[in-house]
Amino acid sequence: MIKESKLLDLDEIERVTLSHYENNAESFWQGTRDHDVSQNITAFLKALPKDKALDILDFGCGPGRDIYTFKSLGHKPVGLDGSERFCQMAEQYSGCAVLHQQFLKLELEENSFDGIFANASMFHIPSNELPRVLEQMHRSLRVGGILFSSNPRGNTEGWQGERYGHYMEIESSQRFLEQSGYKIVNHYYRPEGKPREQQPWLAIVSEAQ
Ligand SMILES: C[S@@+](CC[C@H](N)C(=O)[O-])C[C@H]1O[C@@H](n2cnc3c(N)ncnc32)[C@H](O)[C@@H]1O
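Just so we're clear, the structure is a prediction, and the values are computed from it rather than from any experiment.

Rules of the game
Residues numbered from 1 in each chain as written. Predicted model: local features only at pLDDT ≥ 70, side-chain atom pairs only at ≥ 80, totals over all residues. Heavy atoms only, no water. Helix = DSSP H or I, 4+ residues; strand = E, 2+ residues; numbered from the N terminus. Rg over C-alpha atoms; globule rule 2.2 N^0.38 Å. Buried < 20%, exposed > 50% of the residue type's maximum accessible area, 1.4 Å probe, protein only. Contact = heavy atoms within 4.5 Å. Areas by Shrake-Rupley, 256 points an atom, 1.4 Å probe, with all protein chains shown as cover. Lys, Arg positive; Asp, Glu negative; His and termini not counted. Charge placed at Lys NZ, Arg CZ, Asp CG, Glu CD. Axes fitted to C-alpha atoms, helices over the stretch in contact; angles between N-to-C directions. Parallel < 35°, antiparallel > 145°, perpendicular 65-115°, else oblique. Left-handed = near helix turned anticlockwise from the far one by under 90°. Nonpolar A, V, L, I, M, F, W, Y, C, P; charged D, E, K, R; others polar. Salt bridge = Lys/Arg side-chain N within 4 Å of Asp/Glu carboxyl O. 1 Å grid on protein atoms, 1.4 Å probe; cavity = no way out; pocket = protein on both sides within 12 Å on 5 of 7 lines; lining within 4 Å. Points joined across faces, edges and corners; volume = space filled by probe spheres on them. Pairing = 2+ DSSP bridges.

Caption draft 1: Just the overall build of the protein, in detail. Of the regular secondary structure elements, the protein holds seven helices and nine strands. Its C-alpha radius of gyration of 16 Å places the protein within 12% of the 17 Å reference for a compact globule of 209 residues. Here the C-alpha coordinates of the protein stretch approximately 45 × 35 × 35 Å along the principal axes. For the protein, the proportion of its 209 residues judged to be buried stands at 54%. Sequence separation of 24 or more characterises 68% of the internal contacts of the protein that already satisfy a separation of 6 or more. About 10,300 Å² of surface is accessible on the protein, with carbon and sulfur atoms providing 48% of the total. Taken as two groups, the 22 positive and 30 negative side-chain charges of the protein have centres that lie 5 Å from each other.

Caption draft 2: Quick look at the packing of helix H3 (residues 38–46) against helix H4 (residues 65–72). Relative to each other, H3 and H4 sit at 50 degrees, their axes nearing to 12 Å. Put simply, H3 runs oblique to H4. Crossing handedness for the pair H3 and H4: right-handed. Residue-level contacts link Ile41, Phe44 and Leu45 of H3 to Asp66, Thr69 and Phe70 of H4. Its residues assigned to classes, the contact of H3 with H4 comprises four nonpolar, one polar and one charged.

Caption draft 3: View of the pattern of salt bridges. Considering all chains together, one arrives at 10 salt bridges under this definition. For Asp11, the salt bridge goes to Lys105, with nearest N and O atoms at 3.5 Å. Here Asp11, found in helix H1 (residues 10–23), pairs with Lys105, found in the loop between strand E3 (98–100) and strand E4 (113–119); they are 94 residues apart in sequence, far enough to count as distant. Residue Asp11 is classed as partly exposed on the basis of its relative accessible area, which comes to 48%.

Caption draft 4: Looking closely at empty space enclosed by the protein. Enumeration according to the criterion identifies one cavity of 30 Å³ or more in this entry. There is about 190 Å³ of room inside the largest cavity. Leu130, Ser149, Asn151, Met168 and Ser173 are the residues nearest the centre of the largest cavity, which is lined by 17 residues in total. Only helix H6 (130–140), strand E5 (141–152), helix H7 (170–179) and strand E9 (201–208) provide two or more residues apiece to the lining of the largest cavity. Element by element, the count of residues in the lining of the largest cavity is highest for E5, at four residues. Among the residues making up the lining of the largest cavity, the classes are represented as 13 nonpolar, four polar and no charged.

Caption draft 5: How the structure looks around the sheet that holds E4. The seven strands are arranged E3-E2-E1-E4-E5-E9-E8 in an open sheet whose pairing can be described as mixed. Each of the sheet's edge strands pairs with one partner strand only, and the pair in question is E3 and strand E8 (182–190). Recorded for the sheet is a direction-independent mean angle of 15 degrees between the axes of neighbouring strands. The pairing of strand E2 (residues 76–81) with E3 spans three bridges and is parallel. Residue pairing in the sheet places Asp81 in a bridge with His100 of E3. Its contacts with the sheet place helix H5 (residues 84–94) against E2 and E3, and it is angled at close to 170 degrees to E3. Across the sheet, H7 lies against E5, E8 and E9, angled at about 155 degrees from E8, the strand it touches most.

Shown next as structure tokens:
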């Protein structure tokens, strides 16, 4: 893969990537509904206040597996996804509101979330747009708000089939996060308990400064 985001039309990146999810919505749900992401949910909630129902944005929520979990734990999650079908599925499955928004055209209310949970979603944001999106997310967080992200790791950017992805290791992730006003609280690799070469996922908990 080459670093090609600057050469590509951003509308095209979102349109083609989202069409992939939209056209494979049912099989995506069947393939991921039982994924165990409890390690990520625990790491995210551990960094947040324990004594209140939290306003949580599930960024790129897909069909709603994790919004359902947050609601079951007594929190007040809201989903966000660019796939209309996923928004419908997530609303139906969780009973929570889901915003139909694209990552590159966000319209988020300022100071409205205690935490943003972005499980397997932010890698779809091209590198040249990432600072702008991270800053918008920052503005939607309350003081001391937490951003959780988990992404496939690497040092490449470009198309993989019908989906556009930007893959980073901890060093570049840290640079992007710090430049946009976040401080990393914790990071780890997944799946748990495997040698590093068998851990393709990088999870990061960071705090809005
Ligand atoms: C790999 S899925 C992860 C879904 C869910 N968070 C999970 O853990 O199962 C990526 C999600 O990001 C959404 N997505 C990808 N690009 C997007 C964009 N540009 N705007 C909004 N949503 C997008 C997809 O529709 C999909 O729901």
